[in-house]
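Each chain is listed here by its residues.
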Amino acid sequence: NNRGGGSGLSVQNPDDNNTDVFSRIVRQAHNGNNNNNNTNGNNTSDGPNKITLYRNGFIVNDGPFRNAEDPVNKLFLEELAQGYVPKELTDGKENPNVNVHLDDKRHEDYVPPPPPSYVAYSGQ
């Protein structure tokens, strides 16, 4: 299975002191950038997917926070750590060319934003 062979992965704020799955993902990103392994010759994609890594989990694009201990999320992270594009980012394509931007915030825990300080008018 050659998923993600032509994928690009960029990293901000790399910190490779840990040996956990997040560190393996960051290492893989650096190796992928250094090798520029675009094997399918097609350098088009639907735009970058942003993955923000936190100490306690991650966020994909502008989606909800995902706890790293959840089994589904563990699979997603393990696929990234092995250099594969997780299936949910491929849109069912066999050999996708998916760009992934990695924002490394492993030095901090995700903290949900505070609720709005106003109450929406209900119209009554």
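What you are looking at is a predicted structure, and each value in this text was computed from that prediction instead of being measured. Along every chain, residues carry numbers that run from 1 in the direction the sequence is written. Only residues with pLDDT of 70 or above have their local features reported here, since the model is predicted, and side-chain atom pairs are shown and tallied only from 80 upward, although totals for entire chains, interfaces and linings are computed over all residues. As a rule here, side-chain values cover all heavy atoms of the structure and leave hydrogens and water aside.

Q: So what's going on with the pattern of salt bridges? Which residues, and what values?
A: Every case where a carboxyl oxygen of Asp or Glu lies within 4 Å of a side-chain nitrogen of Lys or Arg is listed as a salt bridge. Taken as a whole and judged by the stated rule, the model has 6 salt bridges. Ionic pairing is found between Asp103 and Lys50, a salt bridge with its closest N-O pair at 3.9 Å. Highlighted residues: Asp103 in strand β5 (residues 99-105) and Lys50 in strand β2 (residues 49-54), separated in sequence by 53 residues. Buried, partly exposed and exposed residues are distinguished by accessible area as a fraction of the type maximum, computed with a 1.4 Å probe on protein chains only: under 20%, between the cut-offs, and over 50%, respectively. Asp103 sits in the buried class, given a relative accessible area of 6%. Put simply, DSSP marks the helices as runs of H or I at least four residues long and the strands as runs of E at least two long, and each gets a number from the N terminus on.

Q: Got a sec to walk through the pairing of strand β3 (residues 57-60)? Specific residues and values, please.
A: Here β3 shows two buried faces, one formed by Gly57 and Ile59 and the other by Phe58 and Val60. Here a strand pair is declared whenever DSSP counts at least two bridges between the two strands. In this sheet, β3 lies alongside β2 in antiparallel orientation, the contact comprising 4 bridges. Note on β3: the bridge partner recorded for Ile51 is Val60. One ladder, built from 3 bridges, connects β3 with strand β4 (residues 65-67); its direction is antiparallel. By the bridge assignment, Phe58 is partnered in β4 with Arg66. Counted along the chain from β3 to the antiparallel partner β4, the turn is 4 residues long, and its residue Asn61 has a positive phi close to 50 degrees.

Q: Break down the packing of aromatic side chains for me, citing the residues and quoting the values.
A: Planes of paired rings set the category: under 30 degrees apart is stacked, over 60 is edge-to-face and the rest tilted, where pairs are Phe, Tyr or Trp rings (Trp by its six-membered ring) whose centres lie within 6.5 Å. Taken as a whole, this structure holds 4 aromatic pairs when the rule is applied. Measuring from centroid to centroid gives 5.3 Å for Tyr54 and Tyr110, while their planes differ by 70 degrees, and the two rings are edge-to-face. With Tyr54 in strand β2 and Tyr110 in the segment after β5, the pair connects residues that are 56 residues apart, well separated along the chain. Ring centres 4.4 Å apart and planes at 5 degrees place the aromatic pair Phe65 and Tyr110 in the stacked group. Of the two residues, Phe65 sits in strand β4 while Tyr110 sits in the segment after β5, which places them 45 residues apart along the sequence. Through a chain of ring-to-ring contacts, three or more aromatic side chains come together here, namely Tyr54, Phe65 and Tyr110. Residue placement shows Arg66 over the ring face of Phe76; its charged tip is 4.9 Å from the ring centre. Criterion for a charge above a ring: Lys NZ or Arg CZ within 6 Å of the ring centre, and within 35 degrees of the ring normal.

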